[in-house]
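Geometric and topological summary
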Amino acid sequence: MRKLLFALLVLATALGYAHAPNQSYVFLRIYETNGIEGHYEINIKEINTIFNLDLPKDATLETITPYKSLLEAYVLKNAAFKSELGAHQIHFDKMGILPISSGNYVQLYFKLEQLKTIPDHLDVFYNIGFNEDPDHKGFLIMEYNWKAGLINNEANIALDFSPDAPNDRLNLSESTVFTGFIAMIKQGVWHIWIGIDHILFLLALILPAVVKRKNDSIFGWTPVMNFKTAFLFIIKVVSFFTIAHTITLTLAALQLINLPSQVVESIIAFSIGLAAYHNIKPIFKMKDWTIAFIFGLFHGFGFASVLSDLGLTSEFLSLSLLGFNIGVELGQLAIIAAIFPILYLIRQHKLYPKLLVYMSVLLIIISLYWCIERAFDINLKIGDYITMAAYETAKFLGLK
């Protein structure tokens, strides 16, 4: 019964944040240095009801722009923020459109003024849509608060409003640097787990860890005699990979070096195939770490794009980098800890050389597939299923 109630609660929460036409939202982003920013999201249907308009549900930004001042005036009349520091004026900026099948949402971006420091509490007044629609619901989403451990979180409903309860208080005091640091570690673990291309590159690197070449034949492998030899191989390869991606992740996060994402993602895909090909026909004899280091540099740029997508600013950047990197390393260790013992146990089986080669061939095929997709910016669909499988696996393991 408890499991059923929990499932219903999760379902209700999900449905509550489904962008239903009779719901509107305010998203907040809390920055220690830049204050509080955010945006309102109001459905076109609700806008038509409020202003007696007849805009199409898929109205574009160009269509809605003439009503920008009208919408802003309405929000200023029906929404407000104040704290122990006083009232905080809503200063509007740009406008956007969020496409939804049930009807597009208009996004009104703003920044709160009269904020020299982040207050402990924020009193919120929200009366948008209530006078015109008694069934209307409003939600406040805490989208970003580094110290609270919220990083680009678009589903964290902090407050809800209704015609009978248009006022509520948001607690901002339960935030610490440690919480934000732990959140960045989790982000690092999460993104290495859903980064299937990084996982496959690691797999290509560690497949030959438990064997050594005895001749030039593609199946000419013999098992290593002890655990130490295989373990040292893993340590060497992973260490060079870690050093490399840490360097470029830091340089990119500090905006000292930036490469086009399409180029980076294409090279990452290529790195899988090259590492796999090296298992079949060695390119760098006795220097397996070379591939790990050279292409690890590009994997670092890939991790940097993740940090960029998280919407991080210069605040706590050092801690963000450190935490994210620790998370990536912990994620890598978990992957290796899951794969390496199995490889070591089956290394003496006569079929292992064939397994190594066939797995490498499969990795080359996947690599070519991704190279084509990314280099030519086309979607061949199969990649979506691979990514989805990685995503669901990570969710099942409790990493998201």
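Residue indices begin from 1 for each chain and proceed along its sequence in written order. Totals for whole chains, interfaces and linings use all residues, but because this is a predicted model, local features are given only for residues with pLDDT of at least 70 and pairs of side-chain atoms are given and counted only at 80 or more. With hydrogens and water stripped out, all remaining heavy atoms of the structure feed into the side-chain values.

**Examining the overall build of the protein chain**
Helix numbering and strand numbering both begin at the N terminus, where a helix is a DSSP run of H or I of at least 4 residues and a strand a DSSP run of E of at least 2. For the protein chain, the helix and strand inventory stands at 12 helices and 12 strands. Within the protein chain, the fraction of its 400 residues that count as buried is 47%. Throughout, a residue-residue contact means that at least one pair of heavy atoms, one from each residue, lies within 4.5 Å. When contacts within the protein chain are restricted to residue pairs at least 6 apart in sequence, long-range pairs at least 24 apart make up 73% of them. Throughout, the Shrake-Rupley method with a 1.4 Å probe supplies accessible areas, and for residues the shown protein chains are the sole cover considered. Total accessible area on the protein chain is roughly 20,200 Å²; 63% of this is exposed by carbon and sulfur atoms. Exposure categories follow from relative accessible area, calculated using a 1.4 Å probe and restricted to protein chains: below 20% of the type maximum is buried, above 50% is exposed, and the middle band is partly exposed.

**Overview of the sheet that holds strand 5 (residues 90-98)**
The strand order across the open sheet built from 6 strands is 5-6-2-1-8-9, with neighbouring strands paired in mixed fashion. In the strand order of this sheet, the two ends are held by strand 5 and strand 9 (157-161), each with one partner. Taking the axes of each pair of neighbouring strands and ignoring which way they run, one obtains an average angle of 20° across the sheet. Both strand 1 (residues 23-31) and strand 2 (residues 35-43) contribute to a ladder of 7 bridges, which runs antiparallel. Strand pairing is defined by DSSP finding a minimum of two bridges between the two strands. Helix axes are fitted only over the stretch in contact, all axes being lines through C-alpha atoms; the angle between N-to-C directions runs from 0 to 180 degrees.

**Points about helix 6 (residues 196-206)**
Where burial is concerned, most of helix 6 is hidden: 11 out of the 11 residues are buried. Among the residues of helix 6, Ile196, Asp197, His198, Ile199, Leu200, Phe201, Leu202, Leu203, Ala204, Leu205 and Ile206 are the ones counted as buried.

**What to know about the sheet that holds strand 4 (residues 86-88)**
An order of 4-3-7-10 is seen for the 4 strands of this open sheet, with the pairing classed as antiparallel. Strands with a single pairing partner mark the edges of an open sheet, and in this sheet they are strand 4 and strand 10 (167-171). Within the sheet, the average angular offset between the axes of one strand and its neighbour, ignoring direction, is 30°. Relative to strand 4, strand 3 (residues 79-83) is paired through 3 bridges, and the arrangement is antiparallel. Across the sheet, the residue bridging to Phe81 is His88, located in strand 4. Across the sheet, helix 4 (residues 68-78) lies against strand 3 and strand 7 (121-126), angled at about 50° from strand 3, the strand it touches most.

**Regarding the pattern of salt bridges**
Only one rule defines a salt bridge in this text: a Lys or Arg side-chain nitrogen within 4 Å of an Asp or Glu carboxyl oxygen. Per the counting criterion, the structure on display carries 6 salt bridges. Across the pair Glu143 and Arg29 runs a salt bridge, and its minimum N-O distance is 3.6 Å. Of this pair, Glu143 sits in strand 8 (residues 137-145) while Arg29 sits in strand 1, and the two are 114 residues apart along the sequence. Exposure class is identical for Glu143 and Arg29. Each is buried. One network of salt bridges, in which partners are shared, links Asp197, Glu265 and Arg374.

**Some remarks on the confidence of the model for the protein chain**
As a per-residue measure, pLDDT reflects the predictor's confidence and takes values from 0 up to 100. In the predicted model, the protein chain carries a mean pLDDT of 83, and the fraction of residues at 70 or more is 84%. Low pLDDT, under 50, characterises residues 1-17; the stretch is placed with 10 contacts to residues that sit more than four places away or in other chains.

**Description of the side chain of Asn78**
Mapping Asn78 onto the fold places it in helix 4. Not counting residues up to four positions away in its chain, the partners in contact with Asn78 are Phe125, Tyr126, Asn127, Ile128 and Asn131.

**Section: the nonpolar core**
Grouped together as the largest cluster of nonpolar side chains are 65 residues, with contacts concentrated most on Leu200, Phe201, Leu205, Val210, Phe324, Leu363 and Trp370. If you list the elements that add at least two residues to this core, you get helix 5 (177-194), helix 6, helix 7 (227-253), helix 8 (261-280), helix 9 (289-309), helix 10 (317-346) and helix 11 (352-375). Here Leu363 is in contact with Leu200, Leu203, Ala204, Leu207, Ile272, Gly273 and Ala276, once residues within four sequence places are set aside. Side-chain atoms within 4.5 Å link the members of a nonpolar core, which is a set of buried Ala, Val, Leu, Ile, Met, Phe, Trp, Tyr and Cys residues.

**With respect to the pairing of strand 5**
Inspection of the sheet shows strand 5 paired to strand 6 (residues 105-112) by 7 bridges, in the antiparallel sense. Each residue of the ladder has a partner; that of Gly96, found in strand 6, is Gln107. Between the end of strand 5 and the start of strand 6, which pair antiparallel, lie 6 residues, with Gly103 showing a positive phi angle near 140°.

**Focus on the environment of Lys116**
Mapped onto the elements of the fold, Lys116 is located in the loop between strand 6 and strand 7. Under the relative-accessibility criterion, Lys116 is labelled exposed at 85%. Residues Lys116 and Glu32, 84 residues apart in the sequence, show an inter-C-alpha distance of 9.6 Å.

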